[in-house]
Amino acid sequence: MASVLFKHIYKRFPGGVTAVSDFNLEIKDKEFVILVGPSGCGKTTTLRMIAGLEEITEGELFIDNKRVNDVAPKDRDIAMVFQNYALYPHMSVFENMAFGLKIRKVRKEEIKRRVEEAARILDISHLLDRKPKALSGGQKQRVALGRAIVREPKVFLLDEPLSNLDAKLRATMRSELIQLHQRLQTTFIYVTHDQVEAMTMATRIVVMKDGIIQQVDTPQNLYDYPCNLFVASFIGTPQMNLITGVLKKRENDVYFDFENCSLKLPAEKANAPELQPYIGKEVIMGIRPELLHDEPMFLSKFEDTKIPAHVEFIELMGAEINVYIKVGQETSMIARVSSRSKARAGDNMEFAVDVSRIHIFDKDTEKVIIH
């Protein structure tokens, strides 16, 4: 098994386009690390540099403590699973899975053993004689995974492998990939633009934007402690409410004023040394949708942080409801409330904000001030 170490990696394309900039990261042995970010952020380019399919412009890449900048892809002991499966249409499932081993001149008995073992793990033993055209999308994805597994590589690279599947199958394959990682006990590096995939599967997530790492952390820490506005808005569904307002001190308390509303900050946040230079200035407050409540018990509990709102429309999500509200003239927000909520489109009602878990960001630098 193997660790992967990036030291000041850059990737520049002809024409002066920098796809990846000063990428520094250590991926430990057996980790499941996911690179996530919007299209064009450099995550697939990073994966292709690990595979050797893209040259590194500057910096050093180590796999299992060996510098691999100039090592050919076939000698890196990695296996890559592509978005489009990349199966040979004229070959059977068995032949597709065995092809890489035949190229390496592995003995026939060993090839048979590895292919049958991988097929058993992926529950595709009954498909070994079929051609790809006779397979569903999910089955093709398993074959592509099987072809990687038989190689017994040090590192698995997966480039948006679930993006061609329907929503139900994607959810099933997510859990299967987690179990596969646990079973194989090897290093997985996975690329996706879907933050739900990242949150549910990764041991650590690397959030990227414009070729630059924004934050690296566990899924829960990314959700609870985003380092800047981009991470705060990218991680979480529905995304965090971001509201521009002014911090004002009245007597011994600090309030966040926006539109016709005033939210009293809890003492531990109001007295935070980091916040003091921002009193009297515009900042951005981040409020997760689940921190807005419309139940009577919360409305009575958070007397100092109630806001009047107009319900524009609602999304029924089964156990929960997403309520889209307008506060004042300019501010749109989303509240995620219980399915017991009586909120209906067109209603004017109050919501209580749990300010103990809000985030405040610098409006200019977009970096977090306090959590």
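Scroll up to find the structure this text is about.
Since this is a predicted model, take the numbers as computed values, not measurements.

Undergrad: Now, about the pairing of strand β20 (residues 359-362): what can you tell me, with residues and values included?
TA: The two faces of β20 match: H359 and F361 on one face and I360 and D362 on the other face are all buried. Both β20 and strand β21 (residues 368-370) contribute to a ladder of two bridges, which runs antiparallel. Counted as the bridge partner of I360 is I370 from β21.

Undergrad: Give me the packing of helix α2 (residues 93-103) against helix α3 (residues 108-122): which residues, what numbers.
TA: Angle between the axes and distance between the axes: these two values describe a pair of packed helices. Between α2 and α3, whose axes approach to 10 Å, the crossing angle comes to 135 degrees. In terms of orientation, α2 and α3 fall into the oblique class. In this structure, the crossing between α2 and α3 has a hand that is right-handed. Facing F94, M97, A98, L101 and K102 of α2, the residues of α3 in contact are I111, K112, R114, V115, A118 and A119. The class makeup of the residues in the contact of α2 with α3 is eight nonpolar, no polar and three charged.

Undergrad: Describe the pairing of strand β9 (residues 204-209), naming the residues involved and giving the relevant values.
TA: Counting buried positions over the six residues of β9 gives five, a clear majority of the element. Pairing between strand β3 (residues 32-36) and β9: four bridges, direction parallel. What sits directly across from V33, in β9, is R204. Remark: two residues form the turn of the hairpin made by β9 and strand β10 (residues 212-217), two consecutive strands paired antiparallel; D210 in that turn has positive phi of roughly 55 degrees.

Undergrad: How would you explain the sheet that holds β3 if you had to name every residue and give the values?
TA: Strand pairing in a sheet is mediated by backbone hydrogen bonds. Such pairs are either parallel or antiparallel. Here we have six strands laid out as an open sheet, ordered β6-β7-β8-β3-β9-β10, and mixed in their pairing. Each edge of the open sheet carries a strand with a single partner, namely β6 (78-81) and β10. With strand direction ignored, the average angle separating the axes of adjacent strands in the sheet is 15 degrees. Strands β3, β7 (155-159) and β8 (187-192) of the sheet are contacted by helix α5 (residues 167-184), whose axis makes an angle of about 160 degrees with β8.

Definitions and cut-offs
- Residues numbered from 1 in each chain as written.
- Predicted model: local features only at pLDDT ≥ 70, side-chain atom pairs only at ≥ 80, totals over all residues.
- Heavy atoms only, no water.
- Buried < 20%, exposed > 50% of the residue type's maximum accessible area, 1.4 Å probe, protein only.
- Helix = DSSP H or I, 4+ residues; strand = E, 2+ residues; numbered from the N terminus.
- Pairing = 2+ DSSP bridges.
- Axes fitted to C-alpha atoms, helices over the stretch in contact; angles between N-to-C directions.
- Parallel < 35°, antiparallel > 145°, perpendicular 65-115°, else oblique.
- Left-handed = near helix turned anticlockwise from the far one by under 90°.
- Contact = heavy atoms within 4.5 Å.
- Nonpolar A, V, L, I, M, F, W, Y, C, P; charged D, E, K, R; others polar.

Everything listed is a geometric property; what it means functionally is a separate question.
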